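# Architecture and fold: a report
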Amino acid sequence: MIETANIPPLLKARGLRFSRNDDPVFGPLDLHVDAGEALLVQGSNGAGKTTLLRVLAGLLRPDEGQIEIDARPASSTDRSRYIAYLSHLTALKQDLGTLENLHFLCGLQGRRARQMPGNALAIVGLAGYEDTLVRQLSAGQKKRLSLARIWLSPAPIWLLDEPYANLDLEGINLVNRMISAHLRSGGGALVTTHGAYAAPPVRNRTLTLRSAAEQEDAA
Ligand SMILES: Nc1ncnc2c1ncn2[C@@H]1O[C@H](COP(=O)(O)OP(=O)(O)OP(=O)(O)O)[C@@H](O)[C@H]1O
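What counts as what
- Residues numbered from 1 in each chain as written.
- Predicted model: local features only at pLDDT ≥ 70, side-chain atom pairs only at ≥ 80, totals over all residues.
- Heavy atoms only, no water.
- Near = heavy atom within 4 Å.
- Polar contact = N/O pair within 3.5 Å; in protein donor to acceptor, adjacent residues only side chain to side chain.
- Areas by Shrake-Rupley, 256 points an atom, 1.4 Å probe, with all protein chains shown as cover.
- Helix = DSSP H or I, 4+ residues; strand = E, 2+ residues; numbered from the N terminus.
- Nonpolar A, V, L, I, M, F, W, Y, C, P; charged D, E, K, R; others polar.
- Expected span 1.5 Å × (residues − 1).
- Buried < 20%, exposed > 50% of the residue type's maximum accessible area, 1.4 Å probe, protein only.
- Arc of directions from axis to C-beta.
- Pairing = 2+ DSSP bridges.
- Contact = heavy atoms within 4.5 Å.
- Phe/Tyr/Trp six-rings, centres within 6.5 Å; stacked < 30°, edge-to-face > 60°.
- Lys NZ or Arg CZ within 6 Å of the ring centre and 35° of its normal.

This part covers the site of the ligand. Taken together, Arg20, Val25, Ser44, Asn45, Gly46, Ala47, Gly48, Lys49, Thr50, Thr51 and His194 are the residues near the ligand. In this structure, Gly46 approaches the ligand through a main-chain N or O atom, which is 2.8 Å from an oxygen atom. Here Gly48 contributes a backbone N or O atom positioned 2.9 Å from an oxygen atom of the ligand. Contact with the protein chains removes 54% of the 640 Å² of surface that the ligand exposes when unbound. Considering each element in turn, the shell around the ligand owes the most residues, three residues, to helix α1 (residues 49–56). A breakdown of the residues in the shell around the ligand according to their chemical character gives two nonpolar, seven polar and two charged.

Here it is, written out as structure tokens:
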């Protein structure tokens, strides 16, 4: 993959390999995400997309390989400053209201300049739900609230695991608008998808992962 001259990628991995109980999940993989760019990680169920994001986020240790953030070996401090991770698990407090959740999370992760929780709720289509408890939201509304958390994060690297899941068409367009705006402001994103949704209309590249069974079939 070609790197933008003289500007180090926001995120770079070299020779990244992960296995479970000696069964390979992915790798060795080389990848990078530049500022202003989205890397789409595609693959069928079980191909290793979530595992890759968890390794990049520092939640799983790779068997081999190096991960760099802004040209430095990724440390936990760098990860907490640079990475916003949208996972299948929402990281939301079920018994707090939506607005309270965002205030709480901004207290933990900081906040993007000039962005406020109430405004973020409106951006994701949850105006009027400020006091609704998270456990009373639908799956799609929870996803929207999680997207508001990502939107408020000051971290430049977004790791988005299936951001389109549970969303209606308007929600899918919302994700694409959010990613586009984030990239325009100098951020980068790594987005997993089964490939069934429109990709964000931004400069993007694709990395395709194959499950162990698919690799055997191809051999
Ligand atoms: N906690 C776990 N313990 C053991 N094996 C796991 C665990 N999580 C995932 N796996 C296995 O690792 C492989 C990769 O799973 P992963 O969740 O990364 O795939 P994915 O591409 O994200 O799939 P999906 O599209 O279904 O979300 C699969 O074979 C899966 O069965």
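Structure shown, so let's carry the discussion forward.
This part covers helix α3 (residues 98–109). Taking 1.5 Å per residue as the helical rise, α3 with its twelve residues ought to reach 16 Å, and the 16 Å between its terminal C-alpha atoms agrees with that figure. Where α3 is concerned, the buried positions are Thr98, Asn101, Leu102, Leu105 and Cys106. Buried positions in α3, seen along its axis, are confined to an arc of 130 degrees and lie on one side of it. Just downstream of α3 lies Gly110, where phi reads positive at about 85 degrees.

Along strand β3 (residues 38–42), four of the five residues are buried, which leaves the element largely enclosed by surrounding structure. Pairing of β3 with strand β8 (residues 188–193) involves five bridges; the strand directions are parallel. Across the sheet, the residue bridging to Gln42 is Thr193, located in β8. Looking at chain direction, β3 and strand β9 (residues 204–208) are connected through five bridges and run parallel. Bridging from a neighbouring strand, Ala38 pairs with Asn204 of β9.

On to the environment of Gly187. In this structure, Gly187 sits in the loop between α6 (169–184) and β8. With 23 residues separating them in the primary sequence, Gly187 and Arg210 have C-alpha atoms 27 Å apart. Sequence-distant contacts of Gly187, that is, excluding residues within four places in its chain, are made with Leu10, Asp34, Ala35, Gly36, Glu37, Pro156 and His182.

Once that is clear, we can look at the side chain of Thr98. Counting through the fold element by element, Thr98 comes out in helix α3. In terms of polar contacts, Thr98 uses its side chain to reach the backbone carbonyl oxygen of Tyr129, at 2.8 Å. One polar contact links the side chain of Thr98 to the main-chain carbonyl oxygen of Glu130, over a distance of 3.1 Å. Apart from residues lying up to four places away in sequence, Thr98 is in contact with Leu121, Tyr129, Glu130, Asp131, Thr132, Leu137 and Leu145.

A separate point is the packing of aromatic side chains. For any pair of aromatic rings, the description rests on two quantities: the centre-to-centre distance and the angle between the ring planes. Applying the stated criterion across every chain, the model contains two aromatic pairs. Both rings, one in Phe18 and one in Phe26, keep their centres 6.2 Å apart while their planes meet at 25 degrees; by these two values the pair is stacked. The pair formed by Phe18 and Phe26 is uniform in burial state, with each residue classed as buried. Note on Trp151 and Trp158: the rings are 6.4 Å apart at their centroids and 70 degrees apart in plane angle, and the pair reads as edge-to-face. Under the relative-accessibility criterion, Trp151 is labelled buried at 11%. Arg112 extends its terminal NZ or CZ atom over the ring of Trp151, reaching a point 4.7 Å from the ring centre.

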